[in-house]
There are 2 protein chains.
Amino acid sequence: MPSRRTLLQMSLGAMLMPAAAGPAAAWRSQARAGTPHDQDRPARQSILRLDSNENSLGMSPEARKVFARSLDVANRYPDGHAQALCDALAADLTVSPDQILLTNGSTASIRAIVQSFRQNRPSTAEGRVVAQDPTFGIVERLCRDLGLAYHGVPTGKDFAPDMVAMEKAARKDGGPVLVYMVTPNNPTGVVAPTPALFDWIRRADEETIFLIDEAYHDYVDAPSYESAVRLIRDGHRNVIVTRTFSKLHGMAGLRVGYAVAHKDTMADLSRFSDGWNINSTGLMVAKASLADTSWRAHCLRQNTEARTILTDTLDTLGLGHIPGHTNFVLHRIAADHADYKRRMADHGVLVGRYMRTGPGWNRLSLGTPDEMRRFVDILTDFRRRGWA
Amino acid sequence: MPSRRTLLQMSLGAMLMPAAAGPAAAWRSQARAGTPHDQDRPARQSILRLDSNENSLGMSPEARKVFARSLDVANRYPDGHAQALCDALAADLTVSPDQILLTNGSTASIRAIVQSFRQNRPSTAEGRVVAQDPTFGIVERLCRDLGLAYHGVPTGKDFAPDMVAMEKAARKDGGPVLVYMVTPNNPTGVVAPTPALFDWIRRADEETIFLIDEAYHDYVDAPSYESAVRLIRDGHRNVIVTRTFSKLHGMAGLRVGYAVAHKDTMADLSRFSDGWNINSTGLMVAKASLADTSWRAHCLRQNTEARTILTDTLDTLGLGHIPGHTNFVLHRIAADHADYKRRMADHGVLVGRYMRTGPGWNRLSLGTPDEMRRFVDILTDFRRRGWA
């Protein structure tokens, strides 16, 4: 099965497993066997998982309590909890509940959006997708699966999205276009300039649909940044924002994400989603997590501290890095990525797969400050040996 | 959002809530607010939930232990656990792991199958779907959403599927056909005759795809019944079987289902699924539940006891019922269904929505034997008052 793992990273587990044929096998080959949460292997607590942009601090204490309580409803369908979370998100975002689509992670929202875009096009002119390059790979994969043309527009200096070139690419042939904008972007951490993005959306025709992927929204501290939810509140029908509880909320395993759009847009999108299909535990935990703002503030402080530990060391070692607004840092390595990744795995560190950022770069997830102290010691040693 | 709830039942919650516009609202309106698992309302432990074919006994004790342990990995992506469950299922079904697609409940498998069927058809001849009528409504809904023709073939005597008429309907115009066969069927509980079904599949052309929905497979005790997984093992590419952990395994809230098919069929199907998107808790719990055969045997014994309590009372009251192979019973009521449903709700019992079985029928989920004793007392009282 085509998978986020396949797209985003190769892991220690994948390295240890034989290659297998077929999509289902591909899905399995992405599994991180041998990592601490594989119950069938001996625990290897010492592995540093810095490859998947998860929150090493885990879920909020309040969320953990609700998790335990959710056991008692695990035999019942989750419906009521979906409504409760939908209402809580609507209040949080100042939109109406029928402007929110809950999905199994934001990836399921993204799939529904691309499928909707694909099906609403006449088969003779199936529409094109425009995105910055590099970016999160799921949309490119969906285009391949669903028969849509995908056009990646190279980012400019320091990986900033080239807004002029993207708009030009989107307008090139006329007709339906889906613009996929990840902001902050993955794997670069760079935020798209809000004024340029908003201006483009405002002057775009209705055949240009904007999918704004705000998976890392919670981490942004750029004063000029604003969520595109604002444009949805202003009545724009051609903007869909996706968000996830997998990052700052520390809930990657529970698969809760959502899309926000104008209610007319949402009515169409709903046809392509199994909206009631989120697990009750995830729904209940997400609602509790949303209410626990102090835990998120704590996580953000820890993330900033972890970033400083990392970037200070990178500076000391003379390894460049991109100023980002996420829970990962794109940084230079003075080594072949495959060698670096393998050697890091040998040292118990998962640093993720090669990203399409050209040679000499690595995307490293920020763990806890303690994890980052451990990592920078290893990195410093690598640099000494000429491995990084 | 179009929902299983909307299709399958109207609930106490839906009755208490105002009608709302739009699909997202429709999804929310199906929520069973006010039932015991709505954390925002006072617990109403006394409500008898006999509307959704859940397992009132809950999850296996072994599964409950694993549920608690899964908290510690909730911040990590679920991949490794997906592989572990896939391998366990493959061993259980004597197929290869690349013949299994894990999805968020079997409904997500069904969606992927219908979407794949839809997209693989030329737009000028989009294919038709044939099913028995009445049956589980999700495929009819998907056809409406995705622009496919849906043809329901009335069931025969005692709601048995009319295999001859179904095959005739499938062959009528030539070209691609998706046959949707729920066996045992919902809402009737009736099993399709295995020899007739298997013979049809064996002589069908490759443009006739069979989606065999075996959600209630675990409950069947008819000696002549056999799962269509057998045909997949025999190499048939045009058969896809769907299953779920929502019923006997007592995991409806955790959203774990799967499809089984020939690996070539699966390779195509995978393109339409977010396969890695199942929550880690559900994956871990499902694997533990699969291993706990003694709990399932216990649940089956309790289900049989509950059925006997119900059917004995129905016989005493002169209310006919259909011999079924599931955790629900389709039975007669001598009353208008809407009145009956409302009055049952007033007495704290959710009996489900009107099913397309004609007037005078109700589909009742089997709870625990104690729950059924409570229910038959209420039903007997209703009969005395002329309400049933």
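Computed from a predicted model, the values in this text were never measured in an experiment.

Draft legend 1. Region of interest: the overall build of chain A. Within chain A one finds 15 helices and 11 strands. Taking contacts inside chain A between residues at least 6 apart in sequence as the whole, the part at least 24 apart equals 73%. Only carbon and sulfur atoms are counted for the fraction: they give 51% of the accessible area of chain A, which is about 13100 Å².

Draft legend 2. Structural view of the side chain of Asn303(B). All names here are of chain B. Counting through the fold element by element, Asn303 comes out in helix α13 (residues 293-317). Judged by its relative accessible area of 8%, Asn303 is buried. Only 3.2 Å separates the side chain of Asn303 from the backbone oxygen of Thr326, close enough to count as a polar contact. With residues near it in sequence (within four places) discarded, Asn303 still touches Tyr219, Thr326, Asn327 and Leu366.

Draft legend 3. Region of interest: the confidence of the model for chain A. Residues of chain A with pLDDT of at least 70 account for 86%, and the chain-wide mean is 88. Low pLDDT, under 50, characterises residues 1-45 of chain A; the predicted model gives this stretch 134 contacts beyond four residues in sequence or across chains.

Draft legend 4. Molecular detail of the packing of aromatic side chains. Applying the stated rule across the entire model yields 13 aromatic pairs over all chains. Ring centres 5.1 Å apart and planes at 75 degrees place the aromatic pair Phe159(B) and Trp361(B) in the edge-to-face group. Taken together, the residues Phe159(B) in the loop between β4 (149-154) and α8 (163-171) and Trp361(B) in strand β11 (residues 361-365) connect sequence positions 202 residues apart. Trp361(B) carries the same exposure label as Phe159(B), and that label is buried. Each ring, one from Phe382(B) and one from Trp387(B), has its centre 5.1 Å from the other, and the planes form 90 degrees; the classification is edge-to-face. On the basis of relative accessibility, which here comes to 0%, the residue Phe382(B) falls in the buried class. By the ring-pair criterion, three or more aromatic residues cluster together here, those being Tyr340(A), Phe382(A) and Trp387(A).

Draft legend 5. Inspection of the nonpolar core at higher detail. Ranked by internal contacts, the top residues of the largest apolar core, which has 103 residues, are Leu102(A), Trp200(A) and Leu102(B). Residues in contact with Trp200(A), not counting those within four places in the same chain, are Met163(A), Met166(A), Glu167(A), Ala170(A), Val179(A), Met181(A) and Phe210(A). Of all hydrophobic cores here, the second largest spans 52 residues; its members include Cys143(A), Ala261(A), Val129(B) and Ile240(B).

Draft legend 6. Representation of the pattern of salt bridges in the model. All names here are of chain A. According to the stated counting rule, one finds 44 salt bridges over all chains in the structure shown. When the shortest N-O distance is used, the salt bridge between Glu167 and Arg203 registers 2.6 Å. Taken together, the positions of Glu167 in helix α8 (residues 163-171) and Arg203 in helix α9 (residues 194-203) put the pair 36 residues apart, joining distant regions of the chain. For Glu167, a relative accessible area of 11% puts it in the buried group.

Draft legend 7. Geometry of helix α7 (residues 138-146) of chain B. All names here are of chain B. Most of α7 sits inside the fold, with seven of its nine residues counted as buried. Where α7 is concerned, the buried positions are Ile138, Val139, Arg141, Leu142, Cys143, Asp145 and Leu146. Looking one or two residues past α7, Gly147 carries a phi angle of roughly 75 degrees, positive in sign.

Draft legend 8. Structural detail: the environment of Asp264(B). Along the chain, the position of Asp264(B) falls in helix α11 (residues 263-269). A polar atom in the side chain of Asp264(B) sits 2.7 Å from the side chain of Arg237(B).

Draft legend 9. Spatial organisation of the sheet that holds strand β8 (residues 257-261) of chain B. All names here are of chain B. With mixed pairing, the seven strands of this open sheet are ordered in space as β2-β8-β7-β6-β5-β3-β4. Looking along the sheet, the strands with just one partner apiece sit at the ends: β2 (100-103) and β4. With strand direction ignored, the average angle separating the axes of adjacent strands in the sheet is 20 degrees. One ladder, built from six bridges, connects strand β3 (residues 128-133) with β4; its direction is parallel. When the sheet's bridge partners are listed, Val129 is paired in β4 with Tyr150. Sheet strands in contact with α7 are β3, β4 and β5 (177-182), and its direction is about 150 degrees off that of β4. Sitting on the sheet, helix α9 (residues 194-203) touches β5, β6 (208-213) and β7 (239-244), and the angle it makes with β6 is about 150 degrees.

Draft legend 10. Seen up close, the packing of α8(A) against α9(A). All names here are of chain A. Axis separation between α8 and α9 bottoms out at 11 Å; the angle between their running directions is 20 degrees. Between α8 and α9, the angle is such that the two are roughly parallel. The interaxial crossing formed by α8 with α9 has right-handed handedness. Seen from α8, the contacting residues are Met163, Met166, Glu167, Ala170 and Arg171; seen from α9, they are Ala196, Leu197, Trp200 and Arg203. Per-class residue counts for the contact of α8 with α9 are six nonpolar, no polar and three charged.

Draft legend 11. Quick look at the environment of Leu50(A). Residue and element names in this part refer to chain A. Tracing the chain through its elements places Leu50 in the loop between β1 (48-49) and α4 (61-69). Along the chain, Leu50 and Phe375 lie 325 residues apart, while their C-alpha atoms are 9.2 Å from each other. Among residues more than four places away in sequence, those in contact with Leu50 are Val349, Leu350, Val351, Arg363, Leu364, Ser365, Leu366, Gly367, Glu371, Met372 and Phe375.

Draft legend 12. Geometry of the sheet that holds strand β3 (residues 128-133) of chain A. Residues and elements named next belong to chain A. With respect to topology, seven strands assemble into an open sheet ordered β2-β8-β7-β6-β5-β3-β4, the strand pairing being mixed. Bordering the open sheet on either side are β2 (100-103) and β4 (149-154), each of which pairs with just one other strand. Averaged over all pairs of adjacent strands, the angle between their axes in this sheet comes to 20 degrees, without regard to strand direction. Its contacts with the sheet put helix α5 (residues 79-93) on β2, β7 (239-244) and β8 (257-261), and the angle it makes with β2 is roughly 130 degrees.

Cut-off values and rules
- Residues numbered from 1 in each chain as written.
- Chains lettered and ligands numbered in written order.
- Predicted model: local features only at pLDDT ≥ 70, side-chain atom pairs only at ≥ 80, totals over all residues.
- Heavy atoms only, no water.
- Helix = DSSP H or I, 4+ residues; strand = E, 2+ residues; numbered from the N terminus.
- Contact = heavy atoms within 4.5 Å.
- Areas by Shrake-Rupley, 256 points an atom, 1.4 Å probe, with all protein chains shown as cover.
- Buried < 20%, exposed > 50% of the residue type's maximum accessible area, 1.4 Å probe, protein only.
- Polar contact = N/O pair within 3.5 Å; in protein donor to acceptor, adjacent residues only side chain to side chain.
- pLDDT = per-residue confidence, 0-100.
- Phe/Tyr/Trp six-rings, centres within 6.5 Å; stacked < 30°, edge-to-face > 60°.
- Core = buried A, V, L, I, M, F, W, Y, C linked by side-chain atoms within 4.5 Å.
- Salt bridge = Lys/Arg side-chain N within 4 Å of Asp/Glu carboxyl O.
- Pairing = 2+ DSSP bridges.
- Axes fitted to C-alpha atoms, helices over the stretch in contact; angles between N-to-C directions.
- Parallel < 35°, antiparallel > 145°, perpendicular 65-115°, else oblique.
- Left-handed = near helix turned anticlockwise from the far one by under 90°.
- Nonpolar A, V, L, I, M, F, W, Y, C, P; charged D, E, K, R; others polar.

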